[in-house]
Amino acid sequence: MKKIEAIIQPGRFGEVRAALEQAGYPGITVTEVKGHGKQKGLRQNWLGRAFKIDVLPKLKLEIVAADLEAEKIVKAVLGGACTGQPGDGKIFVYSIERAYRISSEEEGDGVVS
Ligand SMILES: Nc1ncnc2c1ncn2[C@@H]1O[C@H](COP(=O)(O)OP(=O)(O)OP(=O)(O)O)[C@@H](O)[C@H]1O
Ligand SMILES: [Mg+2]
């Protein structure tokens, strides 16, 4: 199993969710987060003064899926979230050791398929 963790622009969530619906996915956790990448936030000039915003709002999506499903989920997030502009976000893929469905105490790939 893999965990696909994506940090995306909040405004792209609709597109990402539509792409995930197309691809098929077993479940998702969505968290409102703040962060910055290599631009270290946004610099804006307003009334002739420079303002620096250190951390910007993003959405963190977490999807755990069977190994064979991970690639299409990554592609769906890329397709939905990419505008080609700085700040589009990042995707991190982790290996997951175990998963359990609490209601049935089931363990294994079936939990995420
Ligand atoms: N190395 C990192 N570790 C953890 N979180 C990160 C990392 N890089 C980016 N993020 C998270 O992803 C969000 C979006 O990052 P962003 O897309 O601006 O990355 P970038 O490296 O600056 O690329 P780009 O040049 O496309 O803007 C950040 O606000 C932060 O929450
Ligand atoms: Mg950036």
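First, a word on scope: everything that follows refers to the structure included in this document. Not measured: the values here are computed from a predicted model.

Structural notes on the site of ligand 1
Lining the immediate environment of ligand 1, one finds 13 residues, of which Lys38, Gln39, Gly87, Gly89 and Lys90 sit closest. Between ligand 1 and Gly87 there is a distance of 2.6 Å, counted from an oxygen atom to a backbone nitrogen or oxygen. For ligand 1, an oxygen atom lies 2.8 Å from a polar atom in the backbone of Gly89. Burial of ligand 1 by the protein amounts to 70% of the accessible area it has alone, namely 610 Å². Its atoms largely coinciding with the cavity grid, ligand 1 occupies the largest pocket. It is strand 6 (residues 89-95) that provides the largest number of residues to the shell around ligand 1, a total of 3 residues.

Things to note about helix 1 (residues 13-23)
Considered for burial, the residues of helix 1 that qualify are Phe13, Val16, Leu20 and Ala23. Along helix 1, the residues classed as buried sweep out an arc of 90° about the axis, all on the same side. Exposed residues on helix 1 whose side chains face more than 90 degrees from its buried face are Glu21 and Gln22. Taken together, the buried residues of helix 1 touch strand 1 (2-8), strand 2 (29-35), strand 5 (56-65) and helix 2 (67-81).

What counts and how
- Residues numbered from 1 in each chain as written.
- Chains lettered and ligands numbered in written order.
- Predicted model: local features only at pLDDT ≥ 70, side-chain atom pairs only at ≥ 80, totals over all residues.
- Heavy atoms only, no water.
- Near = heavy atom within 4 Å.
- Polar contact = N/O pair within 3.5 Å; in protein donor to acceptor, adjacent residues only side chain to side chain.
- Areas by Shrake-Rupley, 256 points an atom, 1.4 Å probe, with all protein chains shown as cover.
- 1 Å grid on protein atoms, 1.4 Å probe; cavity = no way out; pocket = protein on both sides within 12 Å on 5 of 7 lines; lining within 4 Å.
- Sits in = over half its atoms within 2 Å of the grid points.
- Helix = DSSP H or I, 4+ residues; strand = E, 2+ residues; numbered from the N terminus.
- Buried < 20%, exposed > 50% of the residue type's maximum accessible area, 1.4 Å probe, protein only.
- Arc of directions from axis to C-beta.
- Contact = heavy atoms within 4.5 Å.

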